Each structure stands twice: as C-alpha cells, then as structure tokens.
Amino acid sequence: MLKYNYHTHMKYCNHAKGDVIDYVKEAHSLGYIELGMSDHAPIPLNSMTKEEWEHNYCSENMTLEIFEKYLDEIEDAQEKFKDMKVFKGLESEYLEDHNIWYQNLRNKLDYMILGLHFFKDPDTGKVLDTYQDMNNKTIYKYYQNMENAIKSGLFDYIAHPDLFLFKYNGNDVSIFDKDCEIVTRKICELSLKYDIPLEMNVNGIRFATDMNDINKWRYPNIKFWNIASEYKNLKVVIGLDAHDVSLFHSENIEKVMNLAKSLGINITKFEVKK
Ligand SMILES: [Zn+2]
Ligand SMILES: [Zn+2]
C-alpha cells in the first residue's frame, strides 16, 4: 500500500475537485506519511497567442493571486496535521525565456514537478500540444524542452515522461518506432545525469481503450518502461496525479505497481530536498 504521494491536484486548476484539506484528510486517514500538493502552476502571461492560450486551457490554471491563497491553505493543513508531512509543490510546464517567473514560484515551494503538456517549438515559436502534435520530428523538440527545463535547475521530478506517446502519429497506441526508442533513451539518460526521478503516472490509465490490457495504456506506456527497465540506477517514482480524492482508493495504483514489478523496476520514494 502506497503511503506517500507528491502528485496531487485540487480545485485551483478548475478541472480537479476538492480543497487542500480534503486531500490531506483522506491521505491521513489512510496512514500516509507524506503528501505533496502539486496543482497546475500559474502560466507566464504573454507567453503565447490568445488562440494557443485557449487551446491549452491556460485560463484554467491558477493565477498568482490564487497561488498565494493555495500556499496559505497548505500551511493551515500543515498546522492541523502535524503527524504527517505536507509539502508545498506545483506541477509546471516550462516555457523558455520565462525562468524568472518559474524561479519566483519555485522560491516559495518545497519542490516543483515538470509536467510537459505543451511546449514551444524553438523553430517556429508555435506552442505544440503534447497530446495531439507528436510525430517523429516533434518528439525530439519535446525532449529538448525537457532537457532545457531540467538544466534550469528548477525542477525536482518529471511527471509522465512518456506523455509524448499519447497519440504519437495518430490514435494507434501500439506505434513505437526507432525515434520513440531514441527519445525514451535520451529521457532515461537525462534522468540519470541530473538525478531527477521519472514518474509512472497512475492517472494515465483512465485514457486507455482497455484499462485491463497493459498494451492499450497510453501512459504509463509499456514500451517506454520496458526500455527504462534496462537502466538499473534509474529513480522511478509512482505519482497518483490525483484530481479527485477517490484516486487514493483506485485499483489503478496496484496496476501500475504490478507493471513496475513485472518489468523489474524498483519503485523508489521521492525525497523532497527543498
Ligand atoms: Zn490536471
Ligand atoms: Zn498532474
């Protein structure tokens, strides 16, 4: 049974349910020792066109004003539940040229998760959508953005690194070619080089066409993790990516644990360094 989680969303992102205290109470009742709050980070203003902003649901993310309120609520929960560690975190995209924005967020946190749902194409300046726009050219740009983000030193944990396979070259989740393998290996090597853990994401299973067939999962992607399992020193963590307290009870937690076990991947606990 999992006793810690660092990937937790709340109502502040406008697509998850519940307050900080709801998640803290639920985790506490299950005997959790640590819980990290990581709602979607505020996005730098004027970082993209209005159309791109809307396409990527950026107006759902919390504003800087709500961010301060979010931190206050985490502090209240820390006061109320002293026998469990509650951490201040965020899950953030990484748009280059906005390091000061992210640094200002990071300064107020215990840790920050990198979650690349979209990123800028360095050649065209257009924002690419990790769910929809991936092909054998753009996945290298996805990787490059990830590398630049990690090099910035702002991030502590990479959420769903396999998200680039969500709809790679269309809807058929079985497609995994040489380019996918190269990008997978680059991500594993990046993780090792900078000692930043990679996450197996529990919430991703719900996007599968058949949740009981591991080969149909978009993420965690079995082919990605099969290659990752070759890297014996890789730090792999499990993240609930909870958008509802019911996820603490989901049978998908065990399914992800079993996938890791079947591939010989050791799940490690994420250590908040602050
Ligand atoms: Zn979300
Ligand atoms: Zn998330």
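Treat the numbers as computed from the prediction; the structure is a model and nothing was measured.

Peer 1: Would you mind going over the overall build of the chain in detail, with residue names and values included?
Peer 2: The secondary structure content of the chain amounts to eight helices and nine strands. In terms of C-alpha radius of gyration, the chain reaches 18 Å, essentially the compact-globule figure of 19 Å for 274 residues. Relative to its full complement of 274 residues, the chain shows a buried share of 55%. When contacts within the chain are restricted to residue pairs at least 6 apart in sequence, those whose partners lie at least 24 apart make up 72%. Summing over all exposed atoms, the chain offers an accessible surface of approximately 12,300 Å²; the carbon and sulfur share of this is 48%. Across the chain, the mean location of the 33 positive side-chain charges is 3 Å away from that of the 44 negative side-chain charges.

Peer 1: Got a sec to walk through helix α6 (residues 178-194)? Specific residues and values, please.
Peer 2: For α6, spanning 17 residues, the distance from its first C-alpha to its last is 24 Å, which sits close to the expected 24 Å at 1.5 Å a residue. Where α6 is concerned, the buried positions are Cys-180, Val-183, Thr-184, Ile-187, Cys-188, Leu-190 and Ser-191. Buried residues of α6, seen end-on, are gathered within an arc of 160 degrees and therefore sit on one face of the element. In α6, those exposed residues whose orientation departs by more than 90 degrees from the buried face are Lys-178 and Lys-193. For α6, the secondary structure elements touched by its buried residues are α5 (138-151), β8 (198-201) and α7 (222-228). Once α6 ends, the next one or two residues include Asp-195, with phi positive near 55 degrees.

Peer 1: I'd like to hear about the coordination of the zinc ion (ligand 2), residue by residue, with values.
Peer 2: Coordination of the zinc ion (ligand 2) by the protein involves His-7 (NE2), His-9 (NE2), Glu-91 (OE) and Asp-241 (OD), with metal-donor separations of 2.0 to 2.3 Å. Taken together, the four donor atoms surrounding the zinc ion (ligand 2) define angles of 80 to 166 degrees at the centre, an arrangement classified as irregular. All donors of the zinc ion (ligand 2) belong to a single chain; written as a sequence motif, their spacing is H-x1-H-x81-E-x149-D. In this structure, the zinc ion (ligand 2) is positioned 4.7 Å from the zinc ion (ligand 1). The pair formed by His-7 and His-9 is uniform in burial state, with each residue classed as buried.

Peer 1: Residues and numbers for the coordination of the zinc ion (ligand 1), please.
Peer 2: The coordination sphere of the zinc ion (ligand 1), as far as protein atoms go, consists of His-15 (NE2), His-40 (NE2) and His-243 (NE2), spread over 2.0 to 2.1 Å. We note that the donor set of the zinc ion (ligand 1) lies within a single chain, spaced as H-x24-H-x202-H. A residue is classified by how much of its surface remains accessible, and His-15, at 39% relative accessible area, is partly exposed. On the accessibility criterion, His-40 (9% relative accessible area) is buried.

Peer 1: Explain the pairing of strand β9 (residues 236-239) residue by residue, including any values.
Peer 2: Alternating residues of β9 divide into Val-236 and Ile-238 and Val-237 and Gly-239, and every residue in both groups is buried. Direction of pairing for β8 relative to β9: parallel, over a ladder of four bridges. Counterpart to Asn-201 in the pairing with β9 is Gly-239. Each parallel crossover has a hand, and for β8 linked through α7 to β9 it is right-handed.

Peer 1: Tell me about α5, residues and numbers included.
Peer 2: Here α5 contains 14 residues, and its C-alpha end-to-end distance of 20 Å stays within 8% of the 20 Å for a straight helix at 1.5 Å per residue. Summarising burial for α5: ten of the 14 residues are buried, a large majority. Among the residues of α5, Thr-138, Ile-139, Lys-141, Tyr-142, Tyr-143, Asn-145, Met-146, Glu-147, Ala-149 and Ile-150 are the ones counted as buried. Where α5 terminates, the next one or two residues include Gly-153, which has phi positive at roughly 80 degrees.

Parameters at a glance
- Residues numbered from 1 in each chain as written.
- Chains lettered and ligands numbered in written order.
- Predicted model: local features only at pLDDT ≥ 70, side-chain atom pairs only at ≥ 80, totals over all residues.
- Heavy atoms only, no water.
- Helix = DSSP H or I, 4+ residues; strand = E, 2+ residues; numbered from the N terminus.
- Rg over C-alpha atoms; globule rule 2.2 N^0.38 Å.
- Buried < 20%, exposed > 50% of the residue type's maximum accessible area, 1.4 Å probe, protein only.
- Contact = heavy atoms within 4.5 Å.
- Areas by Shrake-Rupley, 256 points an atom, 1.4 Å probe, with all protein chains shown as cover.
- Lys, Arg positive; Asp, Glu negative; His and termini not counted.
- Charge placed at Lys NZ, Arg CZ, Asp CG, Glu CD.
- Expected span 1.5 Å × (residues − 1).
- Arc of directions from axis to C-beta.
- Donors = N, O, S within 2.8 Å, 3.2 Å for Na, K, Ca; no water.
- Tetrahedral: all angles 85-135°; square planar, octahedral: opposite > 155°, others 65-115°.
- Pairing = 2+ DSSP bridges.
- Right-handed = clockwise from strand over helix to strand, strands pointing away.

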